Amino acid sequence: EASITAHEKMGFLSFWSSINIFLKLLIILFLYFSVFDRLILYAILMLSVIVLIALGYFIYCRRKFDECFVVKVQDAKLFKDVLSFAGFSAFTSFASALRTQGANLLINRFFGVVLNAAGSVSTMVSGYIISFTSNIITAFRPQIVKSYAIQDYDKMSDYIKLCMSCCLGMFTMIAVPIFLEMDYVLTLWLGIVPQYAVEFCQISLVGAMFGLLNMTALIAIQATSHVKMNFIYISIASLLSVAVLFICFHLGSKPYSAYIIYSATELVILALSIWNAKKLIPELTIFSILSGIARIFFIMLLSSAVAWWLTCLQGASLFRFFLVILVYNLLFCLSFFFFILTKDVRQQIIVYSKSRFCK
């Protein structure tokens with residue numbers, strides 16, 4: 001998958017990812033009519049799909065890219081560097097998983113298992129939106145890494161800024177209307193909404209927004225291959241958040257404190273990643289990147305204020321939900337086009353649109 005991304009074969013990557021999703025959908029449908037043990041069958045079928053998808057990547061890379069072949073590693077230093085990179089990445093993933101599961105365990109310990117259902121709902125909502133918008137990061141990753149490789153730091157800064165802007169813009173287009181209409185959306189989806197589910201989902205969307213920006217900042221750090229210190233900082237912040245949450249719950253804090261601490265931790269991790277990226281690559285124009293993010297937040301707040309005003313004028317309904325989506329996205333997209341995108345990018349979009357729709 002990394003090779004396909006590096007070669008910018010996004011067409012195959014999108015196609016094969018779609019096949020992956022389609023096969024998992026077939027598994028769910030097949031389980032519905034199955035007479036065998038569904039849990040065991042689910043595990044076997046999911047394993048089969050994972051193996052099939054991995055095999056497809058392997059065959060495609062072996063046939064398309066000359067550098068992709070199986071070889072016995074002879075370069076001990078290279079092996080050590082790759083193992084170190086993967087090891088620190090795995091440790092960070094473990095710390096992040098411990099932060100998530102630790103929060104769930106503490107909620108269960110202090111408030112009972114019922115609130116875990118609300119936590120699962122919030123994880124699903126934020127996860128679906130992130131998985132949709134993170135595809136933008138996949139498209140930008142090769143350009144950011146290549147810019148670093150040829151030491152074109154101005155172009156690298158531009159790519160990071162544009163990637164963060166596009167990710168944040170796409171995320172808010174989906175997340176903000178859902179945030180404003182969370183109570184209605186969850187009622188429409190679940191029927192009976194678990195206690196604190198609305199608060200959990202709303203706060204987790206804020207944290208997910210910071211986490212999405214951090215994914216882009218990490219690309220710059222990973223391009224340098226000096227990931228050790230940043231991953232250590234992230235891991236420490238993740239583990240400390242669990243300790244802080246335990247203290248808060250012990251002192252009588254509300255359950256949604258877990259998601260406030262989660263969002264605050266994501267913001268701290270984002271700040272650490274940006275600081276480390278600047279430390280590793282002094283030529284990065286961090287101020288320009290941060291000012292671009294600040295402008296997006298500003299137009300997001302203005303558009304959200306107008307959409308929120310609409311929710312105050314009438315009761316919850318499907319019509320109001322679609323109206324909020326329409327008004328927010330219209331205001332945000334127009335503001336994004338004229339005040340966020342550069343003149344060159346706007347011109348490229350206009351030329352492309354004319355070539356596609358004015359034939």
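Structure shown above.
Everything numeric in this text was worked out from a predicted model, so none of it was measured. (Residues numbered from 1 in each chain as written. Predicted model: local features only at pLDDT ≥ 70, side-chain atom pairs only at ≥ 80, totals over all residues. Heavy atoms only, no water.)

Caption draft 1: Examining the overall build of the chain more closely. Assigned secondary structure in the chain consists of 13 helices and zero strands. Listed by position from the N terminus, the elements making up the chain come as α-α-α-α-α-α-α-α-α-α-α-α-α. Here the analysis covers contacts within the chain between residues at least 6 apart in sequence; of these, 78% occur between residues at least 24 apart. In the structure as shown, the chain presents an accessible area of about 21,000 Å², 70% of it carried by carbon and sulfur atoms. Taken as two groups, the 26 positive and 16 negative side-chain charges of the chain have centres that lie 2 Å from each other. (Helix = DSSP H or I, 4+ residues; strand = E, 2+ residues; numbered from the N terminus. Contact = heavy atoms within 4.5 Å. Areas by Shrake-Rupley, 256 points an atom, 1.4 Å probe, with all protein chains shown as cover. Lys, Arg positive; Asp, Glu negative; His and termini not counted. Charge placed at Lys NZ, Arg CZ, Asp CG, Glu CD.)

Caption draft 2: The arrangement of the side chain of Ser 165 in detail. Among the secondary structure elements, Ser 165 is positioned in helix H6 (residues 153–180). Residue class for Ser 165 comes out buried when judged on its relative accessible area of 4%. A polar contact of 2.8 Å, which involves the side chain of Ser 165, links it to the backbone oxygen of Lys 161. Contact partners of Ser 165, with chain neighbours within four places excluded, come to Ile 296, Phe 336 and Ile 340. (Buried < 20%, exposed > 50% of the residue type's maximum accessible area, 1.4 Å probe, protein only. Polar contact = N/O pair within 3.5 Å; in protein donor to acceptor, adjacent residues only side chain to side chain.)

Caption draft 3: Spotlight on the pattern of salt bridges. Scanning all chains against the criterion turns up three salt bridges. A salt bridge links Glu 8 to Lys 146, with the shortest nitrogen-to-oxygen separation between them at 2.9 Å. You can see Glu 8 sitting in the loop between helix H1 (2–6) and helix H2 (10–33) and its partner Lys 146 sitting in helix H5 (residues 114–149), a full 138 residues away along the chain. With a relative accessible area of 34%, Glu 8 lands in the partly exposed category. In this structure, Glu 181 and Arg 320 form a salt bridge, with 2.8 Å as the shortest nitrogen-oxygen distance. Of this pair, Glu 181 sits in the loop between H6 and helix H7 (182–190) while Arg 320 sits in helix H12 (residues 318–339); the two residues are 139 residues apart in sequence, bridging distant segments of the chain. (Salt bridge = Lys/Arg side-chain N within 4 Å of Asp/Glu carboxyl O.)

Caption draft 4: Local environment of the nonpolar core. Within the largest apolar cluster, 72 residues are counted, with the highest numbers of intra-cluster contacts made by Met 156, Ile 160, Phe 171 and Leu 284. A total of 16 residues in this core trace back to one element, the largest contributor, which is helix H8 (residues 197–224). If we skip the residues at most four places from it in the chain, Leu 284 touches Tyr 153, Met 156, Ser 157, Ile 160, Ala 220, Ala 277 and Lys 278. With 15 residues, the next largest nonpolar core counts Phe 12, Leu 13, Ile 53 and Cys 68 among its residues. (Core = buried A, V, L, I, M, F, W, Y, C linked by side-chain atoms within 4.5 Å.)

Caption draft 5: How the structure looks around the packing of H5 against H6. Packing of H5 against H6 brings their axes to within 9 Å, and their N-to-C directions diverge by 175 degrees. In terms of orientation, H5 lies roughly antiparallel with respect to H6. Classifying every residue of the contact of H5 with H6 gives 21 nonpolar, three polar and one charged. (Axes fitted to C-alpha atoms, helices over the stretch in contact; angles between N-to-C directions. Parallel < 35°, antiparallel > 145°, perpendicular 65-115°, else oblique. Nonpolar A, V, L, I, M, F, W, Y, C, P; charged D, E, K, R; others polar.)

Caption draft 6: Region of the structure containing the side chain of Arg 320. Under the relative-accessibility criterion, Arg 320 is labelled buried at 10%. Apart from residues no more than four positions distant in its own chain, Arg 320 is found in contact with Glu 181, Leu 310, Thr 311, Gln 314 and Gly 315.

Caption draft 7: Structural view of unusual backbone geometry. A positive phi angle is found at Gln 151, which is not glycine, with a value near 60 degrees. Relative to the elements of secondary structure, Gln 151 occurs in the loop between H5 and H6. For Gln 151, a relative accessible area of 57% puts it in the exposed group. Even without being glycine, Tyr 196 reaches a positive phi, approximately 70 degrees. Its location among the elements puts Tyr 196 in the loop between H7 and H8.

Read these as spatial facts, not as claims about activity.
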